Amino acid sequence: MSLCIPMRNTRSSGWRGRRSGLLGLAVLIALCPFLAAQDFRRGVQPFLEKYCYDCHGNDKTKADLNLELFKDASGFYRDQRLWRQVITQVVAGEMPPPERKTRPTQAEIEALQGQVRGLLKEAVAQAKVDPGKVTVRRLNRTEYNNTIRDLCYVDGNFSVDFPADDTGYGFDNIGDVLTFSPVHLERFIAAGKLVAERAMPTTEAKLDVLNVDGYNMLPRGRSEDQMRVFNAPTLTAAFDAPREGEYIFRAHLVGMGNPGDAPAVVNLMADGKPVGTQTLKLKTNSRGAEKVDAKVRLTAGKHALAVTWTNPPAELTSGSRRLGTYRYQLLGPTDTRTDLQRKLADFATGKKGDDRARAMANWFVSRAFRRPATPVEIQRYAKVFTVAETAGGTWEAGAQAMIAAVLASPKFVFRIEQDDQPLAKDAHPVAEFALASRLSYFLWGSMPDEELFGLANQGKLTANLAAQTTRLLKDRRAQHLVTGFGLQWLQTRRLALVTPDAKLFPEFDEALRASMVKETELFLAEIVRDDRSVFDIIDADFTYLDRPLAKLYGIYDAPTRFPGDFVRVTLPKGERGGVLTQASILTATSNPDRTSPVKRGKWILEQILGTPPPPAPADVPSLEGQKQLTGNLRQRLEQHRANPACASCHNRMDALGFAFEKFDAIGRGRTMDEGVAIDTAGKLPDGRAFAGAGQLKTVLKADREKYVRNLCAKLLTYGLGRGLEFYDEPALDKMVVSVEQGQHRFSALVMAVVQSEPFRLRRGTSQVESVPASPKKK
């Protein structure tokens, strides 16, 4: 029996090496060593002796695993990942290997499963809750931009010059790999100054101007010498106001006619309501447009601004009287202060000198550090404020210097969680402000908002955690889960590293690459936004396509006109549906010149089922390196896995990957490869057979617990910003049950993470990182 149990490295979540026991486990062993040993010896050891020791014993240790070293159940809590893997592979029929003649009966498998699960349950019940370590985490580049947006009310890619963020466990928000170098320090200081200048300018800004030329107005019509002629009483233009405020709507108009004609009278309209009236001067030609202004208050977002000719002639397209326009403009807001300038000014109303400096410092520093500022911090940054105010002559100069200094502070750059129970011996709730940051950075990738701060300040966030999670999920900022978590989980970033052969796939270009990623992003966005079942990720009857993707998929009736014009499409019945058959995944898991069933199967094992295969043996050549292999791709792979060293893993990977062979290396449908009909049939080690992607997706959805547990583990890893350890397994058990009770809705998955002990709690003084001694090979 050869168990494929991957060993752990610094950036994967495989089985961790066994080291010295936990305090709680030592107590358990002291209380009942005889009972634990008897259960293990009677219920587990006989199975291991009969089916496992020949490959994983003292004489032979495949996968670097010697099961003979385990004499009793004293290490079950510490080694629970190993035993869970043993049960998973035995139940799936993967171990002992299918080619072994002597195989366990179903009764033996069920008995082993019951014994191991019982021992695990006892071990977990006796152990103390361990929420794991808290790692100080630097804001990654995305979190920095998002936090600046919500702290200083300015949008921009301010982290563009930061060094690239490293990834761990598949994500770029893992504390252990988010390093901080001298280059980071230099770039953070420079970015802080730039943000301060943008958010708190010291000189009055000019009005922003948005233009819509006449040929973009509705209804469509003709132009003369670049002037749009009114062919209807009303011409309308669409504007997007950047924020709420007072604006100036300006229309450049020309009222033409013969001497004695009545001058044109116009109404300026905003969203169907009149905001101004003007009688135009009568002109005999189109030269010298007249500017007509009207003040209008707009909310942020789209608005329809129009000019209505109130006294037009009976025939607009003929006669001497005509009305024309060159453009409409939206100027403003007229209050040119930035949002942060207005916030600080309103906050410090009625205060001057040191009182004003301290008030502004307290408000801004508390939000930037994501917890109440201390008196020492307030004094320090108030001094920065007053010195710069004196030198610059305005309070804006003081505020700008203070903001730059705060944004360069480690207390802003790093997420430092203060413990309000530092002397507690056992696991206890994280402090309220720390919980607010955990929640907001998990769901929004940004700082807490005013409501979260308010509840934390009142000590009521923990009691309202579920309600606040629901609120945050409904906010548009929750779409950060799509790019922050979803696209990284599915590894779509690998698509940037793939370059399909230009001769074989001439239709692949950078626009199509971008469309592939956008399809997956929009698809996941609907899963999050509409709170759909997590099983829809595997298989769904809809997707989002633009013209190039629709052509690639052979869907010619999609109502899309050009690249980037994405529309929601109901997919025809067939094998395409869900992320597994989207071009982004299919292309990222292919070679430049052909498909790769091995890569596609490995991706499913790792990202969907959470059962990654171990690394390939170093002495086994690649498929291309084995020149003696003949036949088509499927035949060559069959010959490749005839090697016993390859068979145990390739039997799983290849079967999964071949289900997608009717999709080529860029995700396009096909029926032939290398001149022969494609065979998509496969069989799993447990005997379940399938043919094609559609049937495989049914099989994957039947493995509900594997998929849901893996998804819980991925999202918990992302939410905690650290890799999972053996002491996190009990929390995953509870999360799987919680997601099932929530009908597998995406919100139930998120809620399971937020309500989990690793997310809500932190370690006490008696709990240190476990470093159990690992059993040694003989």
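Only a predicted model underlies this, so the values are computations on that prediction, with no experimental measurement involved.

### Brief notes about the overall build of the chain
Piece 1. When you go through the chain residue by residue, the secondary structure sums to 27 helices and 21 strands.
Piece 2. Accessible area for the chain stands at about 34800 Å²; split by element, carbon and sulfur atoms hold 52% of it.

### Some points on unusual backbone geometry
Piece 1. Cis peptide bonds are those with omega within 30 degrees of zero, and the linkage from M95 to P96 qualifies with -10°.
Piece 2. Of note, P96 is situated in the loop between α4 (80–91) and α5 (106–126).
Piece 3. Positive phi values are uncommon outside glycine, yet A63 reaches one of about 55°.
Piece 4. Of note, A63 is situated in the loop between α3 (45–51) and α4.
Piece 5. The class of A63 is partly exposed, set by a relative accessible area of 35%.

### Describing the side chain of K697
Piece 1. Along the polypeptide, K697 turns up in helix α23 (residues 692–702).
Piece 2. When its relative accessible area of 1% is taken as the criterion, K697 is described as buried.
Piece 3. A polar atom in the side chain of K697 sits 2.8 Å from the backbone oxygen of E575.
Piece 4. Among residues more than four places away in sequence, those in contact with K697 are I538, D539, E575, R576, G577, L580 and T581.

### What about the nonpolar core?
Piece 1. Y144, C152, F364, F412, F442 and Y707 are the most contacted members of the largest nonpolar core, which has 145 residues in total.
Piece 2. Among the elements that make up this core, the one with the highest residue count is helix α24 (residues 704–720) (9 residues).
Piece 3. Every residue in contact with Y144, bar those within four places of it in the chain, is listed here: L139, F158, S159, F162, F188, A191, G192, V195 and F412.

### What to know about the packing of helix α10 (residues 375–392) against helix α11 (residues 395–407)
Piece 1. It is the contact of α10 with α11, at a shortest axis distance of 7 Å, that shows an interaxial angle of 140°. Overall, the two elements α10 and α11 adopt an arrangement that is oblique. The chirality of how α10 crosses α11 is right-handed. Two secondary-structure elements touch here, α10 through Y381, V384, F385, A388, E389 and G392 and α11 through W395, A397, G398, A399, A401, M402, A405 and V406.
Piece 2. Residue composition of the contact of α10 with α11, grouped by class: 11 nonpolar, 2 polar and 1 charged.

### Considering the packing of helix α6 (residues 141–152) against helix α7 (residues 182–199)
Piece 1. Put simply, α6 and α7 touch, their axes get as near as 12 Å, and they point 30° apart. Regarding the angle of α6 to α7, the classification is roughly parallel. Judged by the twist between their axes, the crossing of α6 over α7 is right-handed. Together, Y144, I148 and C152 of α6 and F188, A191, G192, V195 and A199 of α7 make up the contact between the two elements.
Piece 2. Within the contact of α6 with α7, the residues separate by chemical class into 7 nonpolar, 1 polar and no charged.

### With respect to the sheet that holds strand β8 (residues 273–279)
Piece 1. In spatial order, the strands read β5-β11-β7-β8; together these 4 strands make up an open sheet with antiparallel pairing. Unpaired on one side and paired on the other, β5 (234–241) and β8 mark the two borders of the sheet. Going from strand to strand, the sheet's axes swing by 20° on average, the running direction of each strand aside.
Piece 2. Where strand β7 (residues 265–270) and β8 come together, 6 bridges link them in antiparallel fashion. Bridge assignment links V266 to a residue of β8, and that residue is Q278.

### Focus: the environment of A164
Piece 1. Note that A164 resides in the loop between α6 and α7.
Piece 2. Between the alpha carbons of A164 and N140 there is a distance of 8.9 Å; along the sequence they are 24 residues apart.

### Quick notes on the pairing of strand β16 (residues 567–570)
Piece 1. Of the two faces of β16, only one is covered, namely that formed by V567 and V569; the face formed by R568 and T570 stays uncovered.
Piece 2. The pairing of strand β15 (residues 542–545) with β16 spans 4 bridges and is antiparallel. Across the sheet, T543 pairs through a bridge with V569, a residue of β16.

### Observations regarding the pattern of salt bridges
Piece 1. A full pass over the atoms with the stated rule returns 47 salt bridges.
Piece 2. Salt-bridge contacts for R149 lead to D150; the nearest nitrogen and oxygen are separated by 2.9 Å. Each member of the pair R149 and D150 is classed as buried.

### So, α4
Piece 1. The first and last C-alpha atoms of α4 sit 16 Å apart over 12 residues, in line with the 16 Å expected at 1.5 Å per residue.
Piece 2. Of all 12 residues in α4, 10 are buried; the element is thus mostly enclosed.
Piece 3. Within α4, the full set of buried residues consists of Q80, R81, L82, W83, R84, Q85, V86, I87, Q89 and V90.
Piece 4. Remark: G93 follows α4 within two positions and exhibits a positive phi of approximately 80°.

### Structural notes on the side chain of Q80
Piece 1. Take Q80: it is sitting in helix α4.
Piece 2. In this structure Q80 comes out as buried when scored by relative accessible area, which is 0%.
Piece 3. Here the side chain of Q80 touches F726 through a polar contact of 3.0 Å, landing on its backbone oxygen.
Piece 4. Contacts of Q80, omitting those with residues within four sequence positions, involve L120, V124, F726, E729 and P730.

### Considering the confidence of the model for the chain
Piece 1. Residues with a pLDDT of 70 or more make up 90% of the chain, whose mean pLDDT is 89.
Piece 2. Counting interchain partners and residues more than four positions distant, the pLDDT-below-50 stretch residues 1–38 has 100 contacts.
Piece 3. In this model residues 770–778 is a low-confidence stretch, pLDDT under 50, and it forms 24 contacts with partners more than four residues away in sequence or in other chains.

### Some words on the packing of aromatic side chains
Piece 1. Under the defined criterion, the tally for this structure stands at 25 aromatic pairs.
Piece 2. On the basis of an interplanar angle of 50° and a centroid distance of 4.9 Å, the ring pair of F47 and Y51 is categorised as tilted. Within this pair, F47 and its partner Y51 are both found in helix α3, separated by 4 residues, close to a single helical turn.
Piece 3. With 5.7 Å between their ring centres and 85° between their planes, Y77 and F726 make a pair best called edge-to-face.

Cut-offs used in this document
- Residues numbered from 1 in each chain as written.
- Predicted model: local features only at pLDDT ≥ 70, side-chain atom pairs only at ≥ 80, totals over all residues.
- Heavy atoms only, no water.
- Helix = DSSP H or I, 4+ residues; strand = E, 2+ residues; numbered from the N terminus.
- Areas by Shrake-Rupley, 256 points an atom, 1.4 Å probe, with all protein chains shown as cover.
- Buried < 20%, exposed > 50% of the residue type's maximum accessible area, 1.4 Å probe, protein only.
- Polar contact = N/O pair within 3.5 Å; in protein donor to acceptor, adjacent residues only side chain to side chain.
- Contact = heavy atoms within 4.5 Å.
- Core = buried A, V, L, I, M, F, W, Y, C linked by side-chain atoms within 4.5 Å.
- Axes fitted to C-alpha atoms, helices over the stretch in contact; angles between N-to-C directions.
- Parallel < 35°, antiparallel > 145°, perpendicular 65-115°, else oblique.
- Left-handed = near helix turned anticlockwise from the far one by under 90°.
- Nonpolar A, V, L, I, M, F, W, Y, C, P; charged D, E, K, R; others polar.
- Pairing = 2+ DSSP bridges.
- Salt bridge = Lys/Arg side-chain N within 4 Å of Asp/Glu carboxyl O.
- Expected span 1.5 Å × (residues − 1).
- pLDDT = per-residue confidence, 0-100.
- Phe/Tyr/Trp six-rings, centres within 6.5 Å; stacked < 30°, edge-to-face > 60°.

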